[in-house]
Amino acid sequence: MQCFKIKYLFQGLIIISTFCGCKKVINVNLENASIRTVITGEITNKAGPYLVNISKSVYYSSDNVFPPVSGAFVTITGNGLVDTLSETTPGIYSTHKLQGKPGNTYSLYVSADNNTYTATSTMPQPVYLDSISFVAGRKDNLYAVANFQDPPGVANYYQFIEYANGVEFTNGRGNSVFSDRLSDGRYINRLLYDDSTDIKSGIVLKVQMNC
């Protein structure tokens, strides 16, 4: 399993539906899933160094402590440059000279435990965040709204990460990931529903938009 990614009007609606269905028991054997090597890496258009994390998966019933994979040989190539990464801490490998640039294609090569893993990705062109506005929810909770123009004719995926006084929100990160499949080329007002009460008067809110 590998993951190598390159980043770069609120309305109320009531839906009334009638549900019916049936029940079926599905037994999933989680104990016999094989241990896999998990590789995650990220390059952005910000200055490096960039990190690649290599670890082992664990059984479903085990604690979420993923053993790091040390001693791997890791390189990233792009724009005619080859960067051999160094292991800074167990399982964490860091670049030295790579600089992410929109439009460039980058390839990851990992040799670990007598296996070879590769991945390739192209950094998309940046989409700029115009502004942040706010709406009030239940119990006067505040939610941020990201306002930006989606470029037409390009398949884009967006991720929003919020920080309160420099601390990343622990809730709702998955709810702030979406594609422009239904809003291609439109001006988007994206409600960042985080199921959180972290936005209060007096805090400094930072919204990071990845595309």
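None of the values given here were measured: they were computed from a predicted structure.

Rules used in this analysis
- Residues numbered from 1 in each chain as written.
- Predicted model: local features only at pLDDT ≥ 70, side-chain atom pairs only at ≥ 80, totals over all residues.
- Heavy atoms only, no water.
- Pairing = 2+ DSSP bridges.
- Helix = DSSP H or I, 4+ residues; strand = E, 2+ residues; numbered from the N terminus.
- Axes fitted to C-alpha atoms, helices over the stretch in contact; angles between N-to-C directions.
- Phe/Tyr/Trp six-rings, centres within 6.5 Å; stacked < 30°, edge-to-face > 60°.
- Buried < 20%, exposed > 50% of the residue type's maximum accessible area, 1.4 Å probe, protein only.

Colleague: Summarise the sheet that holds strand 8 (residues 105–112); cite the residues concerned and give the values.
Modeller: Read across the sheet, four strands follow the order 5-4-8-9 without closing on themselves; strand pairing throughout is antiparallel. Taken across any chain shown, the strands that pair with only one partner, and hence form the sheet edges, are strand 5 (81–84) and strand 9 (115–122). Strand-to-strand, the axes of this sheet are offset by a mean angle of 15 degrees, without reference to chain direction. Two strands pair when backbone bridges link them, and strand 4 (residues 73–78) and strand 5 are joined in this way by four bridges, in the antiparallel orientation. Residue pairing in the sheet places Ile-76 in a bridge with Asp-83 of strand 5.

Colleague: Which residues make up the environment of Asp-140, and what values do they have?
Modeller: The topology assignment puts Asp-140 in the loop between strand 10 (129–136) and strand 11 (142–149). Sequence separation between Asp-140 and Lys-200 is 60 residues, and the spatial gap between their C-alpha atoms is 9.9 Å.

Colleague: Break down the packing of aromatic side chains for me, with residues and values.
Modeller: Across all of its chains, the model carries five aromatic pairs by this definition. Considering the side-chain rings of Phe-73 and Tyr-109, the 6.3 Å spacing of their centres and the 70 degrees angle between planes classify their relative orientation as edge-to-face. With a gap of 36 residues between them, Phe-73 in strand 4 and Tyr-109 in strand 8 connect regions that are remote in the sequence. Ring centres 6.0 Å apart and planes at 45 degrees place the aromatic pair Phe-148 and Phe-160 in the tilted group. Here Phe-148, found in strand 11, pairs with Phe-160, found in strand 12 (residues 157–164); they are 12 residues apart in sequence, far enough to count as distant. One exposure class covers both Phe-148 and Phe-160, and it is buried.

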